[in-house]
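One-letter residues, chain by chain:
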Amino acid sequence: MVYWDQLGCGINNYEIDDSFSITHFVKMTCDLIDEVKKLFPDNKVFIFGTSWGSILSLLVSEIKGQEIAGVTVSGQILKNALFCGEVYKTLEKNNVPQKIVTRIKNVDIEKITVKDLQFVSSCLRKYTDAYINKKSKNEGIGKIISGLLTSPDYSLRDFKAIIVNGYKKNVSLWKEILHLDLSAELANVKIPYSIIQGETDVVASTTLVRNIVSASENNNLTLDIIKNNGHIPGKEMMDVVFNRLLELRNTSC
């Protein structure tokens, strides 16, 4: 397993200013794959990405399709992230004060700020199951944190930089994400591509992903929708992730 802290977070904390684009991170992901192949030329490469990583996984699969044996993602972002009708309806359905919903609706994507992004995210976390479903089991998180804190490769400073890091002032990447539409790329994916979505995820719309996968009739695509899970995987969702990764490996042997 290769665990990659992308430039800007964790052990690779670095200020990500507004000169960075999605293309920069796609190239870094491709470079990582090249290095892994040099170190392990006889091993097949499988990618697992979640949320923002799902964007990179999809775009890299187009470039490195000959070198990647399969992809598994959770929380696949395609389009209409955060500021869209589905998000507004979810907030309204959960009885969020109308003035808050109106404020979010009135955000100008072209002039979006870090505060705008933090505000809509905090509202979704506070009022809805979009990020973490309150019915999901999350006992696995403690083990992950414990593993990071006891790792000889990780310092307390690195651990802190998982959350508070070089992305805190960046808006250029978010502006790109908010304008993305990767529907065609997903529908036409050429390698085994397994998607696991939380039932209540509207950050990366599960409804949208389900519709595109169904309409594509692409045999490379598989979709699991996990009940009582949101954008951030609970134990039930991670169990499915591990099973799908194992299936990809076994079917490619």
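Structure: above.
Residues numbered from 1 in each chain as written. Predicted model: local features only at pLDDT ≥ 70, side-chain atom pairs only at ≥ 80, totals over all residues. Heavy atoms only, no water.

Peer 1: Just checking my understanding: could you explain the overall build of the chain for this structure?
Peer 2: Broken down by element type, the chain carries 11 helices and 4 strands. In terms of overall size, the chain behaves like a compact globule, its C-alpha atoms giving a radius of gyration of 18 Å where 253 residues would be expected to give roughly 18 Å. In terms of principal-axis extent, the alpha carbons of the chain reach across some 60 × 45 × 35 Å. Scored against the burial criterion, the 253 residues of the chain give a buried share of 45%. Contacts in the chain between residues at least 24 apart in sequence constitute 75% of all its contacts with a sequence separation of at least 6. Carbon and sulfur atoms make up 55% of the accessible area of the chain, which totals about 13,900 Å². When the 30 basic and 29 acidic side-chain charges of the chain are each reduced to a single mean position, those positions are 6 Å apart. (Helix = DSSP H or I, 4+ residues; strand = E, 2+ residues; numbered from the N terminus. Rg over C-alpha atoms; globule rule 2.2 N^0.38 Å. Buried < 20%, exposed > 50% of the residue type's maximum accessible area, 1.4 Å probe, protein only. Contact = heavy atoms within 4.5 Å. Areas by Shrake-Rupley, 256 points an atom, 1.4 Å probe, with all protein chains shown as cover. Lys, Arg positive; Asp, Glu negative; His and termini not counted. Charge placed at Lys NZ, Arg CZ, Asp CG, Glu CD.)

Peer 1: Hey, could you run me through a nonpolar patch on the surface in this one?
Peer 2: Together, I145, L149 and L156 give the surface a local cluster of nonpolar side chains, amounting to about 280 Å² of exposed area. Its location among the elements puts L156 in helix α7 (residues 156–160). Judged by relative accessible area, which is 63%, L156 ranks as exposed. (Patch = residues over 30% accessible without salt bridge, like charges linked within 9 Å, V, L, I, M, F, W, Y side chains within 5 Å. Salt bridge = Lys/Arg side-chain N within 4 Å of Asp/Glu carboxyl O.)

Peer 1: What is the right way to read the packing of helix α4 (residues 98–105) against helix α5 (residues 114–127) from this model?
Peer 2: Running from amino to carboxyl end, α4 crosses α5 at an angle of 140°, the nearest separation of the two axes being 10 Å. Between α4 and α5 lies a crossing whose hand is left-handed. Residues I100, R103 and I104 of α4 touch α5, and the partners they reach there are F119, V120, C123 and Y127. Partitioning the contact of α4 with α5 into residue classes produces 6 nonpolar, no polar and 1 charged. (Axes fitted to C-alpha atoms, helices over the stretch in contact; angles between N-to-C directions. Left-handed = near helix turned anticlockwise from the far one by under 90°. Nonpolar A, V, L, I, M, F, W, Y, C, P; charged D, E, K, R; others polar.)

Peer 1: Whenever I open this one, the sheet that holds strand β4 (residues 221–226) confuses me. Can you help?
Peer 2: Strand pairing in a sheet relies on backbone hydrogen bonds, with the paired strands running either antiparallel or parallel. In space, the 4 strands of this open sheet follow the order β1-β2-β3-β4, with parallel pairing throughout. Either end of the sheet is taken by a strand with one partner, and the two such strands are β1 (45–50) and β4. Direction aside, the axes of adjacent strands within the sheet are offset by 15° on average. As defined by bridge partners, strand β3 (residues 193–198) adjoins β4 across 6 bridges and the pair is classed as parallel. Bridging across to β4, I195 finds its partner in L223. Against the sheet, helix α10 (residues 206–216) makes contact with β3 and β4, and its axis sits at roughly 150° relative to β4, the strand it touches most. (Pairing = 2+ DSSP bridges.)

Peer 1: Which parts of the structure should I look at to understand the pairing of strand β2 (residues 68–74)?
Peer 2: Residues in a regular strand project their side chains so that they alternate between the two faces of the sheet. Within β2, 7 of the 7 residues are buried, leaving the element largely enclosed by the surrounding structure. Handedness of the β-α-β unit built from β1, helix α2 (residues 52–63) and β2 comes out right-handed. With 4 bridges joining them, β2 and β3 adopt parallel strand pairing. Across the sheet, the residue bridging to V73 is I195, located in β3. (Right-handed = clockwise from strand over helix to strand, strands pointing away.)

Peer 1: How do you make sense of the side chain of S205 when you look at a structure like this?
Peer 2: Tracing the sequence through the fold places S205 in the loop between β3 and α10. Since its relative accessible area comes to 9%, S205 is described here as buried. Those residues in contact with S205 that lie beyond four places of it in its chain are E86 and Q197.

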